[in-house]
Amino acid sequence: MNAPTIRTKDEPSPIAAALLDWYDRHHRRLPWRVGPADARAGLRADPYRVWLSEIMLQQTTVQAVKPYFERFTARWPTVAALATAPTDDIMKAWAGLGYYSRARNLKTCAELVVERHGGRFPDDLEGLKALPGIGDYTAAAIAAIAFDRPAAVVDGNVERVVTRLCAIATPVPAAKPEIRARVQALLPVDRPGDFAQATMDLGATICTPRRPACPLCPISHGCEAFSDGTQETFPVKAPKAVKPVRVGAAFVAENADGAVLLRKRAEKGLLGGMSEPPTTQWTSRADGATDIDAAPFAAKWRDAGTVTHVFTHFELRLRVFHARVDRPAPTGAWWSSREDVSGEALPTVMKHAIETAIPGATRKPGVAGGRPSTGRNDQ
DNA sequence: TACGCGTGGCG
DNA sequence: TCGCCAAGCGT
């Protein structure tokens, strides 16, 4: 940190002033955002849209979130509308975005906002943090962006910007308290929401993990790491554990009409509440059950190939079998018609498994490029 | 504190 | 190709 500058109470620090000035000129335009000009005219973003976007953006890129955000807000324009939506509809709309506990919490949180808070989000950190799915970061982001509260917003971008700015060598996440204190000290009292978004924009576009564009950075003059030429060494991270490999099998059953047999996973845990074709248990043992013997019922199972999918903490190798069968769905399962499959709450890994067995099955039917209704894929 | 929890894009 | 990583939260 540079020598502290003497300034009057409400005057932003030179760093914050430079950052806000840069934000005024270079801010990103995003569907959930109110631009700096409107913000300074007193306009605030809709707390519902800020909340929804922040939940979607947890560990997820802006590019991936955009279409989901548009679909959600078009279908459920208010928190009250979302609160009354069937959980299954929300899970289906969330399918593909990942971290599905976010979708379950989304519904619960909307209900609580309606029941406990009359349909309005709390405007303080404590009230926000009491809601499911809202932690330190999201509470601060909503408080600052939607309610202009002087909250220190610390996400991965801010961690990177601040550890470089102040050359903080403590590994993250242990450095979190120190980072938060630095942010709080920099906070401009009159524009906390813009400051939060400015810091995140800087991290996303200039102060990037690799090859940061320091010559374009509005606060490089105050950056310790830049002056040392060590910017790419921050933030310091603890070494990560190796990923174990798990193996299993998925059984994609297709009937004469092209319907696919699906079942629902347990509500909690991995891919909780989502749908899938029947699979074996996934085991880290190399000799895990990947055989036809593990099929949910006897059929002429054909080995369709293997899907490899990397989760956060393990790698899954899923051997895929395919069969034409004509029988009622077992208890707890259902035949999902050709038209319905694309709209099911299928995680990406399960879509891939089904595609491996039946190319085109999870794409929307009736459009060019879809699988012809008479097409057979048996080899 | 450390782990469980998805997915897609990028160099 | 593949490891890294992206606006974290809950337990």
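Fair warning: this is a prediction, and the values are worked out from it, not measured in the lab.

Student: An account of the protein's contact with DNA strand B is needed here, citing residue identities and associated values.
Tutor: The environment of DNA strand B is made up of 18 residues, and the closest members are Leu 271, Val 310, Thr 312, His 313 and Thr 348. The sugar-phosphate portion of DNA strand B accounts for 60% of its atoms within 4 Å of the protein, the bases making up the rest. Here a phosphate oxygen of DNA strand B sits 3.0 Å away from a polar atom, N or O, in the side chain of His 309. Between His 313 and DNA strand B, the recorded distance is 2.4 Å, taken from a side-chain N or O atom to a phosphate oxygen. Secondary-structure elements contributing two or more residues to the surface near DNA strand B are strand E4 (302–310) and helix H15 (348–357).

Student: Explain the packing of aromatic side chains to me, and be specific about the residues and the numbers.
Tutor: Counting across every chain of the model gives 11 aromatic pairs. Between Phe 297 and Trp 301, the aromatic rings sit 5.8 Å apart at their centres with planes inclined by 40°, giving tilted as the arrangement. Pair check on accessibility: Phe 297 and Trp 301 agree, each one buried. Taken together, Phe 251, Phe 297, Trp 301 and Phe 321 form an aromatic cluster joined through their ring pairs. Arg 71 extends its terminal NZ or CZ atom over the ring of Tyr 68, reaching a point 4.8 Å from the ring centre. One residue, Arg 327, lies across the ring of Phe 297, its end atom 4.4 Å from the ring centre.

Student: Tell me what's going on with the UniProt feature "domain: HhH-GPD" (unreviewed entry) in chain A, and back it up with residues and numbers.
Tutor: Mapped onto this numbering, the UniProt entry gives "domain: HhH-GPD" (unreviewed entry) at residues 56–205. In the segment residues 56–205, helix accounts for 66% and strand for 0%; the C-alpha atoms at its two ends are 19 Å apart.

Student: Can you tell me about the layout of surface pockets, naming the residues and giving the values?
Tutor: Put simply, the largest pocket is a space of about 1,100 Å³. Taken together, 36 residues form the lining of the largest pocket, with Leu 57, Gln 59, Asp 155, Gly 156 and Asn 157 sitting closest to its centre. Elements with a contribution of two residues or more to the lining of the largest pocket: helix H3 (47–57), helix H9 (136–147), helix H10 (156–165) and helix H12 (192–205). No other element matches H10, which puts five residues into the lining of the largest pocket. Of the residues in the lining of the largest pocket, the class split is 16 nonpolar, 10 polar and 10 charged.

Student: Let's hear about the protein's contact with DNA strand C: which residues, and what values?
Tutor: Taken together, 25 residues lie around DNA strand C, and Leu 57, Gly 133, Asp 155, Asn 157 and Pro 209 are the ones closest in. The share of sugar and phosphate among atoms of DNA strand C within 4 Å of the protein is 62%. Glu 54 is positioned such that a nitrogen or oxygen atom in its side chain is 3.4 Å from a base nitrogen of DNA strand C. Separating a phosphate oxygen of DNA strand C from a backbone N or O atom of Tyr 137 is a distance of 3.4 Å. Taken together, the elements giving at least two residues each to the surface near DNA strand C come down to H3, H9 and H10. Residues that form the surface near DNA strand C fall into these classes: 10 nonpolar, eight polar and seven charged.

Student: Break down the environment of Ala 181 for me, with residues and values.
Tutor: Tracing the backbone shows Ala 181 in helix H11 (residues 176–186). A residue is classified by how much of its surface remains accessible, and Ala 181, at 46% relative accessible area, is partly exposed. For the pair Ala 181 and Ala 152, spaced 29 residues apart in sequence, the C-alpha separation works out to 8.1 Å.

Student: Explain the side chain of Asp 155 to me, and be specific about the residues and the numbers.
Tutor: On the secondary structure map, Asp 155 appears in the loop between H9 and H10. Buried charge Asp 155 goes without a salt bridge, the closest partner of opposite sign being Arg 160 at 7.4 Å. For Asp 155, the side chain forms a polar contact with the main-chain nitrogen of Asn 157, separated by 3.2 Å. Sequence-distant contacts of Asp 155, defined by excluding residues within four places in its chain, comprise Tyr 137 and Met 200.

Student: Before we move on, could you go through the side chain of Thr 199 and cite the residues and values that matter?
Tutor: Considering the arrangement of structural elements, one finds Thr 199 in helix H12. When its relative accessible area of 6% is taken as the criterion, Thr 199 is described as buried.

The rules we used
- Residues numbered from 1 in each chain as written.
- Chains lettered and ligands numbered in written order.
- Predicted model: local features only at pLDDT ≥ 70, side-chain atom pairs only at ≥ 80, totals over all residues.
- Heavy atoms only, no water.
- Near = heavy atom within 4 Å.
- Polar contact = N/O pair within 3.5 Å; in protein donor to acceptor, adjacent residues only side chain to side chain.
- Helix = DSSP H or I, 4+ residues; strand = E, 2+ residues; numbered from the N terminus.
- Phe/Tyr/Trp six-rings, centres within 6.5 Å; stacked < 30°, edge-to-face > 60°.
- Buried < 20%, exposed > 50% of the residue type's maximum accessible area, 1.4 Å probe, protein only.
- Lys NZ or Arg CZ within 6 Å of the ring centre and 35° of its normal.
- UniProt positions renumbered as here; feature names shortened; annotations may be inferred.
- 1 Å grid on protein atoms, 1.4 Å probe; cavity = no way out; pocket = protein on both sides within 12 Å on 5 of 7 lines; lining within 4 Å.
- Points joined across faces, edges and corners; volume = space filled by probe spheres on them.
- Nonpolar A, V, L, I, M, F, W, Y, C, P; charged D, E, K, R; others polar.
- Lys, Arg positive; Asp, Glu negative; His and termini not counted.
- Salt bridge = Lys/Arg side-chain N within 4 Å of Asp/Glu carboxyl O.
- Contact = heavy atoms within 4.5 Å.

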